[in-house]
Amino acid sequence: MKTLILTNKFELEKVLNSIKQRKINFIPTMGNLHEGHFELIRSAKKNGNINLVSIYINPLQFNDKKDFDNYPRSINKDLKYLKELKVSMVYLPEKDFNLTNTSMIDLGEIVDKLCGKNRKGHFEGVATIILKFLLIIKPEKIFLGEKDFQQILVIKKVIKDFNFSTNVKTVPIVRGHGGIALSSRNQRIKNINNLEKVYNCLIDIKNKIDEDNFCIKDLEYFKDNLIKSGICRVNYLEILKESDLSELTSIPSKSRIFISCNIQGVNVIDNLGLRKIYLKECGKLKFSS
Ligand code: AMP
């Protein structure tokens, strides 16, 4: 089947309505595609026949105009890859989304955590555009990468709060050389070593927890080390519960290490899943057996 490229929601709706049972696997992206995106597409293809990739650099999710202007754009190359991967449809909604004075979604507490703290309005922008996509596409499944873990929770909330029946499928982080989490933004960073340091920091923390040798206050030591090693700014380095990004307690819970750094003016995020973990009174983290 030839890949359909659609730039208009009426055209898209016509095509979607012509599909029997309308079971659509949706993969939202901002383009500049790499192996991380391809993994989402492969996963979608395993989950059904009709897959739809969107490419849209969402201005609402950028709290910094310069970051939006500098975001890498490579639409011709992206379309070539998507055709090679035999994606059913590509939706480029640029003309459909009128964002002047658009209503915005209020997400509540989830934006007070992690990336929400230093990127004001970011998740509201993500949620608002995802809602627009969900209303048009009504996908059966949406495919999201664990690289943007907080974004998964935000999108799950939109789906639940607005009564969509869309199923969320998540894909583990795809890493490149030195464990670096692939990201469209990485190409703006000259010193790849700094990206490796971010991943190594996560691994070192995980190893210390494995060795039963990690206190929650040690996070400060790891932050300082990153800064001493030349990373400009550590926005956060935290270990939180996966379910709602709340703080660890004495009750064992599936948890994750989350990090965000600013390297050469570029925001870099990463995370690493842990087994069930709990916090002892002395501040020590323990894996629960
Ligand atoms: P983006 O184009 O950066 O908005 O990302 C589109 C989707 O691809 C999101 O669900 C991301 O979480 C996912 N993604 C981006 N990079 C990776 C990666 N390295 N591994 C897995 N998923 C990724």
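Each remark here, short or long, concerns the structure printed above.
Residues numbered from 1 in each chain as written. Predicted model: local features only at pLDDT ≥ 70, side-chain atom pairs only at ≥ 80, totals over all residues. Heavy atoms only, no water.

Draft legend 1. Summary view of the packing of helix α6 (residues 122-137) against helix α7 (residues 149-161). Where α6 contacts α7, the axes come no closer than 10 Å and their chain directions differ by 50°. On the basis of their axis angle, the class for α6 and α7 is oblique. Every pair of crossing elements has a handedness; the one defined by α6 and α7 is right-handed. Across from Phe123, Val126, Ala127, Ile130, Leu131 and Leu134 in α6, the residues of α7 making contact are Gln150, Gln151, Val154, Ile155, Val158 and Ile159. Broken down by class, the residue content of the contact of α6 with α7 amounts to ten nonpolar, two polar and no charged. (Axes fitted to C-alpha atoms, helices over the stretch in contact; angles between N-to-C directions. Helix = DSSP H or I, 4+ residues; strand = E, 2+ residues; numbered from the N terminus. Parallel < 35°, antiparallel > 145°, perpendicular 65-115°, else oblique. Left-handed = near helix turned anticlockwise from the far one by under 90°. Contact = heavy atoms within 4.5 Å. Nonpolar A, V, L, I, M, F, W, Y, C, P; charged D, E, K, R; others polar.)

Draft legend 2. Main features of the site of the ligand. What surrounds the ligand is a group of 16 residues, the closest being Met30, His37, Asp148, Val174 and Leu182. Within the backbone of Gly145, one N or O atom sits 2.9 Å away from an oxygen atom of the ligand. With respect to the ligand, the backbone of Leu182 contributes an N or O atom lying 2.8 Å from a nitrogen atom. Elements represented by at least two residues in the shell around the ligand include exactly β2 (24-29), α2 (35-46) and β5 (141-145). (Near = heavy atom within 4 Å. Polar contact = N/O pair within 3.5 Å; in protein donor to acceptor, adjacent residues only side chain to side chain.)

Draft legend 3. Just the sheet that holds strand β1 (residues 4-6), in detail. A sheet is described by the order of its strands in space; here six strands give the open sequence β1-β4-β3-β2-β5-β6, paired in parallel fashion. Only two strands of the sheet have a single partner each, and these edge strands are β1 and β6 (167-171). Recorded for the sheet is a direction-independent mean angle of 25° between the axes of neighbouring strands. As paired strands, β5 and β6 are joined by five bridges and run parallel to one another. Each bridged residue has a counterpart across the sheet, and for Ile142 the counterpart in β6 is Val168. Contacts from α6 reach β2, β3 (50-55), β4 (89-91) and β5 within the one sheet, and its direction differs from that of β2 by about 155°. (Pairing = 2+ DSSP bridges.)

Draft legend 4. Seen up close, the environment of Asn267. The topology assignment puts Asn267 in strand β9 (residues 266-279). Not counting residues up to four positions away in its chain, the partners in contact with Asn267 are Asn118, Arg119, Arg185, Asn235, Ser260, Cys261 and Asn262. Only 2.9 Å separates the side chain of Asn267 from the side chain of Asn235, close enough to count as a polar contact.

Draft legend 5. Summary view of helix α8 (residues 192-210). Under the 1.5 Å per step criterion, the end-to-end length of α8 is 27 Å for 19 residues, consistent within 8% with the ideal 27 Å. Of all the positions in α8, only Asn194, Leu195, Glu196, Val198, Tyr199, Cys201, Leu202, Ile205 and Ile209 are classed as buried. The distance from a side-chain oxygen at the start of α8 to the backbone nitrogen of Asn193 is 3.1 Å, and the residue carrying that oxygen is Asn191. Remark: Asp212 follows α8 within two positions and exhibits a positive phi of approximately 65°. (Expected span 1.5 Å × (residues − 1). Buried < 20%, exposed > 50% of the residue type's maximum accessible area, 1.4 Å probe, protein only.)

Draft legend 6. The sheet that holds strand β10 (residues 285-287), seen in detail. Read across the open sheet, the four strands follow the order β7-β8-β9-β10; overall the sheet is antiparallel. One side of each edge strand has no neighbouring strand; the edge strands of this open sheet are β7 (233-241) and β10. Neighbour-to-neighbour, the strand axes of the sheet open up by a mean angle of 30°, direction not taken into account.

Draft legend 7. Region of the structure containing the packing of α8 against helix α9 (residues 218-228). Running from N to C, α8 and α9 point in directions that differ by 155°, and their axes come no closer than 11 Å. Comparing their axes, α9 and α8 come out roughly antiparallel. When the axes of α8 and α9 are compared, the crossing they make is right-handed. Contacts from Lys197, Cys201, Asp204, Ile205 and Lys208 of α8 reach α9 at Leu219, Phe222 and Leu226. Its residues assigned to classes, the contact of α8 with α9 shows five nonpolar, no polar and three charged.

Read these as spatial facts, not as claims about activity.
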